[in-house]
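Below are the chains, spelled out letter by letter.
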Amino acid sequence: MERFKYTSLWLLLAVALIVIISVSFADDISIGDWTVKKAPIAEFIFDESDSLAKDSVIDSVGNVYDPKTQVVIETDSLPQSIFIFGDSMTFNLALRLAQYAKQNGHEIHSVNWDSSNTKVWADHDTLAYFIDKYHPTQIFISLGSNEMYFKNPETRAPYVKRILEVIDTIPYVWIGPPNWKEDTGINDMLERMCARGSFFRSAGMEFKRKKDNIHPTRESSSMWIDSIMRWLPKSSHPFVADLPSDSIGKVNPNIIFLKALNK
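The structure displayed is predicted, hence computed values, not measured ones.

What counts, and where the lines are drawn
- Residues numbered from 1 in each chain as written.
- Predicted model: local features only at pLDDT ≥ 70, side-chain atom pairs only at ≥ 80, totals over all residues.
- Heavy atoms only, no water.
- Buried < 20%, exposed > 50% of the residue type's maximum accessible area, 1.4 Å probe, protein only.
- Helix = DSSP H or I, 4+ residues; strand = E, 2+ residues; numbered from the N terminus.
- Arc of directions from axis to C-beta.
- Contact = heavy atoms within 4.5 Å.
- Axes fitted to C-alpha atoms, helices over the stretch in contact; angles between N-to-C directions.
- Parallel < 35°, antiparallel > 145°, perpendicular 65-115°, else oblique.
- Left-handed = near helix turned anticlockwise from the far one by under 90°.
- Nonpolar A, V, L, I, M, F, W, Y, C, P; charged D, E, K, R; others polar.
- Phe/Tyr/Trp six-rings, centres within 6.5 Å; stacked < 30°, edge-to-face > 60°.
- Core = buried A, V, L, I, M, F, W, Y, C linked by side-chain atoms within 4.5 Å.
- Pairing = 2+ DSSP bridges.

**Overview of helix α5 (residues 126-134)**
Considered for burial, the residues of α5 that qualify are Thr-126, Leu-127, Phe-130, Ile-131 and Tyr-134. The arc that holds every buried residue of α5, seen down its axis, measures 130°, which confines them to one face. Where α5 is buried, its residues meet β6 (81-86), β7 (107-114), α4 (118-122), β8 (138-142), α6 (157-167) and β11 (255-259). Among the residues trailing α5, His-135 stands out with phi positive, at a value near 50°.

This is the structure:
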């Protein structure tokens, strides 16, 4: 008898739960002057908050819908003036980026400053000079590799901020360093400082490297750029970047080489 009593109680609770959940998925129910309000269980189960928003969706014409901002990020179909600058990783990246530029009707200019880092670029007017010279509409930044050993990379944040202030409103992609060892936080700092959709995290990718076991080979750098271009539609300012055809061949990236004076 006692067992039957508890079984009946559990069945009653189960039925009540089913009713509550059913009401939560229905609209408000009105009975005379009384209204049964919809319970928030459905919203709890199918949370539509920003924290659980799905990845951006690309439509049939290449535009991106971002659920977090609820706006369509249009792919810029106009010819671009591309400028890539940074440390010694830049040259091989620029070679492949130049092929994308030729394939898609863009122009490109590059500056490879050996041994440079965020402080070097922030402390000189070099970046402002080349931006004024080339008037880029898209900027790629390759900096951070020479700061992977820093014990406290947060001390470099003011330099990153200064660089981004010089870039101002020009769309950019900051290419994170190709980690050959675990960094001390440079990637996290760069991603935090960059605008949303403007940082490409390279850490975690696999690279074939030169004899120094640091710099990716030319072939690996080419694949690196391919990965960035595949990610580009999810960036904050996508533009047309179709894969270069095999007939493109070598393309001049219009590169200037500089030597860093200090660190």
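Now, onward.
**A word on the packing of α5 against α6**
Two elements in contact, α5 and α6, have axes separated by 10 Å at closest approach and are oriented at 20°. Considering their axes alone, α5 and α6 lie roughly parallel with respect to each other. The two elements α5 and α6 meet at a crossing, and its hand is right-handed. Together, Leu-127, Ala-128 and Ile-131 of α5 and Ile-163, Val-166 and Ile-167 of α6 make up the contact between the two elements. Its residues placed into classes, the contact of α5 with α6 shows six nonpolar, no polar and no charged.

**Observations regarding the packing of aromatic side chains**
All told, the structure shown has 12 aromatic pairs when counted by the stated rule. Aromatic side chains Phe-200 and Trp-231 sit 5.5 Å apart centroid to centroid with 70° between the ring planes, which places their arrangement in the edge-to-face category. Of this pair, Phe-200 sits in strand β10 (residues 199-200) while Trp-231 sits in helix α8 (residues 218-231), and the two are 31 residues apart along the sequence. A relative accessible area of 8% means that Phe-200 is categorised as buried. An angle of 70° between the planes, with centres 5.1 Å apart, marks the rings of Phe-207 and Trp-224 as edge-to-face.

**Observations concerning the nonpolar core**
In terms of nonpolar packing, the biggest core is built from 29 residues, with Phe-85, Ile-139, Ile-163, Ile-167 and Trp-174 touching the most fellow members. Listing elements by their share of this core, those giving two or more residues are β6, β7, α4, α5, β8, α6, β9 (172-175) and α7 (186-193). Of all the elements, α6 adds the most residues to this core, at six residues. Among residues more than four places away in sequence, those in contact with Ile-163 are Phe-85, Thr-118, Trp-121, Ala-122, Leu-127, Leu-143 and Trp-174. One finds Leu-93, Ile-108, Trp-224 and Ile-248 within the second-largest nonpolar core, a separate group that totals 26 residues.

**Some thoughts on the sheet that holds β11**
Taking strand neighbours across the sheet as the criterion, the six strands line up as β10-β9-β8-β6-β7-β11 in an open arrangement whose pairing is parallel. Unpaired on one side and paired on the other, β10 and β11 mark the two borders of the sheet. One ladder, built from two bridges, connects β9 with β10; its direction is parallel. From the neighbouring strand, Trp-174 faces β10, where its bridge partner is Phe-199.

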